[in-house]
Amino acid sequence: VLRCLGIPTRVITNFNSAHDKNLNLSIDKYIDISGNNLHLSEDSVWNFHVWNESWFIRRDLGSFYDGWQVLDATPQEKSKGIYQCGPASTKAIKEGDVNLDYDSPFVFAAVNADCVTWIRYSKKRKERVYSDTRKIGKFISTKAVGSNSRVDVTANYKYPEVKEISFKISYSQYKNSLMDDRKILVTAV
């Protein structure tokens, strides 16, 4: 319909799409001490989810948010009392501006939520045992214009994942590095 009105529109597919029911940016899984799933969370991860993007000028949000806007014709949650989603600015999603209207927090979680596993020892005691910050929002894609090729638009939704580098240094090396930082600071002032 939007294309018929002359508004540029495209279909987007998000692989490993989070459905964050409580909008805490975490897809929580609870297990007992034996490893059995407790089914305490309504959060889920879908193999994929599809929505539309349309190109809008956003006078309501400011020109920074002009451009591609997420519109989901198949929302699973109510927004302001009705089933709707969007238009959520992809720039807002990438920048983490989740305090804006039009379901930005929900779309942000769909591409950026963490998957967290908790052991639940009792109603009052739980322990986080695993967290995956890279699982959600993979290969966010659209179809190329004029061919059947896939175009990766992940960079429109999120910054590249940073690889964690683990290394060990001695306390004296750490202390010396702090001294070097202090020297640089004093020199700069």
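Residues numbered from 1 in each chain as written. Predicted model: local features only at pLDDT ≥ 70, side-chain atom pairs only at ≥ 80, totals over all residues. Heavy atoms only, no water.

A. Just the packing of aromatic side chains, in detail. Per the stated rule, a full pass over the model turns up five aromatic pairs. For the ring pair tryptophan 55 and tryptophan 68, a centre distance of 5.3 Å and an interplane angle of 85° mean the geometry is edge-to-face. Here tryptophan 68 lies in strand 4 (residues 67-71) and tryptophan 55 lies in strand 3 (residues 44-56), a separation of 13 residues in the sequence. Relative to tyrosine 65, the ring of phenylalanine 64 lies with its centre 5.1 Å away and its plane at 85°, an arrangement referred to as edge-to-face. A cation over a ring is seen here: arginine 10 above tryptophan 68, with NZ or CZ 4.0 Å from the ring centre. Cation over ring: lysine 94 sits above tyrosine 159, and NZ or CZ is 4.6 Å from the ring centre. (Phe/Tyr/Trp six-rings, centres within 6.5 Å; stacked < 30°, edge-to-face > 60°. Helix = DSSP H or I, 4+ residues; strand = E, 2+ residues; numbered from the N terminus. Lys NZ or Arg CZ within 6 Å of the ring centre and 35° of its normal.)

B. Region of the structure containing the environment of tyrosine 102. Topologically, tyrosine 102 is positioned in the loop between helix 1 (90-95) and helix 2 (104-112). Judged by its relative accessible area of 32%, tyrosine 102 is partly exposed. Dropping the residues within four chain positions of it, tyrosine 102 is found in contact with Arg58, Asp60, Gly86, Pro87 and Ala88. (Buried < 20%, exposed > 50% of the residue type's maximum accessible area, 1.4 Å probe, protein only. Contact = heavy atoms within 4.5 Å.)

C. Structural context of the layout of surface pockets. Looking at the largest pocket, its volume works out to about 260 Å³. Ile27, Asp28, Lys29, Asp43 and Val116 are, among the 17 residues lining the largest pocket, the residues nearest its centre. Counting only elements with at least two residues in the lining of the largest pocket, the list comes to strand 2 (26-31), strand 3, strand 8 (114-120) and strand 9 (126-132). If you tally residues by element for the lining of the largest pocket, the top one is strand 2, at four residues. Within the lining of the largest pocket, the residues separate by chemical class into seven nonpolar, five polar and five charged. (1 Å grid on protein atoms, 1.4 Å probe; cavity = no way out; pocket = protein on both sides within 12 Å on 5 of 7 lines; lining within 4 Å. Points joined across faces, edges and corners; volume = space filled by probe spheres on them. Nonpolar A, V, L, I, M, F, W, Y, C, P; charged D, E, K, R; others polar.)

D. A look at the side chain of histidine 19. With respect to the secondary-structure elements, histidine 19 resides in strand 1 (residues 9-19). Note on histidine 19: relative accessible area 7%, which makes it buried. Ignoring anything within four residues of it in the chain, the contact list for histidine 19 reads Ile27, Glu42, Asp43, Ser44, Trp46, Gln76, Glu77 and Phe106.

E. Spotlight on unusual backbone geometry. Non-glycine residue leucine 25 carries a positive phi angle of around 65°. Within the fold, leucine 25 resides in the loop between strand 1 and strand 2. Residue leucine 25 is classed as partly exposed on the basis of its relative accessible area, which comes to 32%. Despite not being glycine, histidine 39 shows a phi value in the positive range, around 50°.

F. Broad picture of the sheet that holds strand 1. Taken together, six strands build an open sheet; the order of strands is 7-4-3-1-10-11 and the sheet is antiparallel. Two strands bound the open sheet, and with one partner strand each, they are strand 7 (88-89) and strand 11 (150-152). Pairing between strand 1 and strand 10 (residues 138-143): two bridges, direction antiparallel. Of the residues in strand 10, the one forming a bridge with phenylalanine 15 is lysine 138. (Pairing = 2+ DSSP bridges.)

In short, geometric facts, not functional conclusions.
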